[in-house]
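Inside the fold
Okay, here's what each chain looks like letter by letter:
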Amino acid sequence: MRHMPAIPEPARSSIIVRLLDHAEHNWPQLAKVRARYHGSFAYITGVLRDGEQIPLFRLRYGGSAHSFGFAIYSPARDRYEDAVLLTGLPIGSPQEALDTACTVHLTGPGHEPEL
């Protein structure tokens, strides 16, 4: 198994800025988006308007700040599982990952956006 590089600081900053901007314009259910980093992984958590925090997905850095591997959080299994994005691809942008995870985690009853 090949060693994957840690996510460099400029890519970390880019991830969170892109996610915050995308969430603000597309996911009103989210008050904030938080990221924590461990090696080549970024773990993304959504903070709902009532303060509840929900794990959403994990990005895997492969050397590009524009394309990441994707794993969605499974509450039933309490772990991240490799998955495909709504685009049908297993890799994509942080924004595509956010759209996929929010479609799964936030479009059910009880998560309707406040107008």
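Source: prediction; values computed, not measured. (Residues numbered from 1 in each chain as written. Predicted model: local features only at pLDDT ≥ 70, side-chain atom pairs only at ≥ 80, totals over all residues. Heavy atoms only, no water.)

**Remarks on the pairing of strand β2 (residues 41-48)**
Across a regular strand the side chains alternate sides, sitting on one face of the sheet and then on the other. The element β2 is extensively covered by neighbouring structure, given that seven of its eight residues are classed as buried. Pairing of strand β1 (residues 30-38) with β2 involves eight bridges; the strand directions are antiparallel. Residue pairing for β2: L30 is matched across the bridge by L48. Here β1 folds back onto β2, and the loop between the two strands holds two residues, one of which, G39, carries a positive phi near 60°. Sheet topology note: the β2/strand β3 (residues 53-61) ladder contains seven bridges and is antiparallel. Within β3, the position partnered with F41 by the bridge is R60. (Buried < 20%, exposed > 50% of the residue type's maximum accessible area, 1.4 Å probe, protein only. Helix = DSSP H or I, 4+ residues; strand = E, 2+ residues; numbered from the N terminus. Pairing = 2+ DSSP bridges.)

**Topic: unusual backbone geometry**
Among all residues except glycine, the phi angle is most often negative; among peptide bonds, the trans geometry is most common. Backbone geometry places D78, a non-glycine residue, at a positive phi of 55°. Structurally, the position occupied by D78 is in the loop between β4 (68-74) and β5 (79-82). We classify D78 as exposed; its relative accessible area is 57%.

**Comments concerning the environment of T100**
Within the secondary structure, T100 sits in helix α2 (residues 94-106). With a relative accessible area of 5%, T100 lands in the buried category. Sequence separation between T100 and I72 is 28 residues, and the spatial gap between their C-alpha atoms is 8.4 Å. Contact partners of T100, with chain neighbours within four places excluded, come to F70, I72, V84, L85 and L86. A distance of 2.9 Å separates a polar side-chain atom of T100 from the backbone nitrogen of L86. (Contact = heavy atoms within 4.5 Å. Polar contact = N/O pair within 3.5 Å; in protein donor to acceptor, adjacent residues only side chain to side chain.)

**Some details on the packing of aromatic side chains**
In this structure the tally under the stated criterion is five aromatic pairs. One aromatic cluster in this structure is built from F41, Y43, Y73 and Y80. The ring of Y43 carries R36 above its face, with NZ or CZ at 4.4 Å from the centroid. (Phe/Tyr/Trp six-rings, centres within 6.5 Å; stacked < 30°, edge-to-face > 60°. Lys NZ or Arg CZ within 6 Å of the ring centre and 35° of its normal.)

**A look at the packing of helix α1 (residues 9-26) against α2**
Contact geometry of α1 with α2 gives a least axis separation of 9 Å together with a crossing angle of 45°. Comparing the axis directions of α1 and α2 gives the class oblique. For the element pair α1 and α2, the recorded crossing hand is right-handed. In this structure, α1 contributes I15, R18, L19, H22 and A23 to the contact, and α2 contributes P94, Q95, L98 and D99. Along the lines of polarity and charge, the residues of the contact of α1 with α2 split into five nonpolar, two polar and two charged. (Axes fitted to C-alpha atoms, helices over the stretch in contact; angles between N-to-C directions. Parallel < 35°, antiparallel > 145°, perpendicular 65-115°, else oblique. Left-handed = near helix turned anticlockwise from the far one by under 90°. Nonpolar A, V, L, I, M, F, W, Y, C, P; charged D, E, K, R; others polar.)

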